[in-house]
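Notes for the structure review
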Amino acid sequence: MPYSIAIDGPAGAGKSTIAKALAKSLGYYYVDTGALYRGLAFGLLQKGVPFQNEKAVEEEINGIHVELLYENGVQKVLCNGVDCSAFIRTSEIGEGASVISQYASVREKLLDLQRNVARQHSCVMDGRDIGSVVLPDANKKFFLTASPEVRARRRTLEFQQKGESANYESVLEEVKKRDERDMSRAVAPLKQVEDAILIDSSDLNIEEVVDKMLAYCVGSEA
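An account of the accompanying structure is given in this report. (Residues numbered from 1 in each chain as written. Predicted model: local features only at pLDDT ≥ 70, side-chain atom pairs only at ≥ 80, totals over all residues. Heavy atoms only, no water.)

1. Describing the pattern of salt bridges
Counted by the stated rule, this structure contains 13 salt bridges. For Arg181, the salt bridge is made with Glu174, and the minimal N-O distance between the two is 3.9 Å. Judged by its relative accessible area of 23%, Glu174 is partly exposed. Linked through salt bridges whose partners overlap, the residues forming this network are Glu95, Glu174, Lys177 and Arg181. (Salt bridge = Lys/Arg side-chain N within 4 Å of Asp/Glu carboxyl O. Buried < 20%, exposed > 50% of the residue type's maximum accessible area, 1.4 Å probe, protein only.)

2. Points about the nonpolar core
Core analysis: the largest hydrophobic core is formed by 37 residues, its most contacted members being Leu40, Leu44, Val57, Ile100, Val106 and Met125. At the level of elements, α2 (33–47), α3 (54–60), β3 (66–71), β4 (74–79), α4 (91–100), α5 (104–120), β6 (123–127) and α6 (130–134) are the ones that each hand at least two residues to this core. It is α2 that provides the largest number of residues to this core, a total of 7 residues. Contacts of Met125, omitting those with residues within four sequence positions, involve Ile5, Ala6, Ile7, Val31, Thr33, Gln114, Ala118, Ile130, Val134 and Leu135. Ala23, Tyr28, Val124 and Val209 belong to the second largest nonpolar core, which has 20 residues in total. (Core = buried A, V, L, I, M, F, W, Y, C linked by side-chain atoms within 4.5 Å. Helix = DSSP H or I, 4+ residues; strand = E, 2+ residues; numbered from the N terminus. Contact = heavy atoms within 4.5 Å.)

3. Some words on the pairing of β6
Counted residue by residue, β6 has 5 buried out of 5 residues, so it is predominantly covered. Strand direction decides the pairing type here: strand β1 (residues 4–8) and β6, joined by 5 bridges, are parallel. Within β6, the position partnered with Ser4 by the bridge is Cys123. Strand direction decides the pairing type here: strand β2 (residues 29–32) and β6, joined by 4 bridges, are parallel. Residue pairing for β6: Asp32 is matched across the bridge by Asp126. (Pairing = 2+ DSSP bridges.)

4. What about the packing of α2 against α4?
Across the interface, α2 lies against α4 with an axial gap of 8 Å and an inter-helix angle of 105°. Relative to α4, the element α2 lies roughly perpendicular. Contacts between α2 and α4 involve Tyr37, Arg38, Leu40, Ala41, Phe42, Leu44 and Leu45 on the former and, on the latter, Glu92, Ile93, Gly94, Gly96, Ala97 and Ile100. Looking at the contact of α2 with α4 residue by residue, the class counts come to 9 nonpolar, 2 polar and 2 charged. (Axes fitted to C-alpha atoms, helices over the stretch in contact; angles between N-to-C directions. Parallel < 35°, antiparallel > 145°, perpendicular 65-115°, else oblique. Nonpolar A, V, L, I, M, F, W, Y, C, P; charged D, E, K, R; others polar.)

5. Details of the sheet that holds β4
Sheet architecture is open: 3 strands sit in the order β3-β4-β5, paired in antiparallel fashion. Looking at the sheet topology across the chains shown, the edges are occupied by β3 and β5 (82–83). Judged from the 2 bridges that link them, β4 and β5 form a sheet pairing that is antiparallel. The residue bridging Cys79 from the neighbouring strand is Val82, located in β5.

6. Some words on the environment of Lys109
Mapped onto the secondary structure, Lys109 falls in helix α5. Expressed as a C-alpha distance, the spacing of Lys109 and Arg154, which sit 45 residues apart in the sequence, is 31 Å. Reaching out from Lys109, the side chain makes a polar contact with the backbone oxygen of Ile64 at a distance of 3.0 Å. (Polar contact = N/O pair within 3.5 Å; in protein donor to acceptor, adjacent residues only side chain to side chain.)

7. Here's the deal with the packing of aromatic side chains
For the coordinates displayed, the defined rule picks out 4 aromatic pairs. On the numbers, 6.2 Å between centres and 25° between planes, the contact of Phe42 with Phe87 is stacked. You can see Phe42 sitting in helix α2 and its partner Phe87 sitting in the loop between β5 and α4, a full 45 residues away along the chain. (Phe/Tyr/Trp six-rings, centres within 6.5 Å; stacked < 30°, edge-to-face > 60°.)

8. With respect to the sheet that holds strand β8 (residues 197–200)
Judged by pairing direction, the sheet is parallel, and its 5 strands sit side by side in the order β2-β6-β1-β7-β8 without closing on themselves. On the outer flanks of this sheet lie β2 and β8, each paired with one strand and no other. Sheet twist, expressed as the mean angle between neighbouring strand axes with direction ignored, is 20°. Sheet strands in contact with α2 are β2 and β6, and its direction is about 45° off that of β2. Helix α9 (residues 206–217) rests against β1, β7 (140–145) and β8 of the sheet, and its axis sits at about 155° to β7.

And the structure:
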C-alpha cells in the first residue's frame, strides 16, 4: 500500500522545500498542491478572468485542465497541456491562487486529482488542508509553521533571488493577510488537526526540519 505524509502550514513556512527534501530522502513522490492552484490561477489569468469574481471563476475553470507530470522525479505543472511550471511562482499568481482557493468549486475540482496521486504512489503532499480534508487518513501528518516575520524575510529573499523587487514590510503585510484569509475561509480553512505533529521552523534550517520529520517516521512503513 502507498504511504502518505501530509504537511500543512501557513504561507512561507517552507512547506514545499521541506516536503520536496523529505520525499527525496524517502524515495517518494512530492506533490505540491499549491502548484495546482497556481496552475489554475495561471489559466484564469490567461483568459483574463478576475480572481476576485467567484462566479466568473466557477464558470471558467471547467475549461481549464491542470495536471501534474513527473519526469525523472521532477514535478511539472501543466495547464491545458502546456508546461507552466516556470510561470507560476510570481507574486501575482501566488496572490491569485490564494484568492481562488477560497472557492468551493475550485477546491472540489482539484480534490480528486490530489487524492488519486496518493492512491497510486507513496508521496509527501503539502498544502493548507491536506491532513484535514485531502488526506485525512494520511500515515503521518505534520503542521509546519514559523513566525510571520521569519516567513516574510524568507519570502522577500526568495523574490529577490528571482530578480523580483520585494519590500520586506509589504511582504510581511501580505503574509499576515494571507494567514487571515486562509484561516478564516469557509471552505477547508487552514488549521492544525489533532493528530498532526507541530514543527516550528523559525530557528531551524532545512536539514534540521527534515531530520525531525524523518525521526518521527522511523519505525513506520516510511
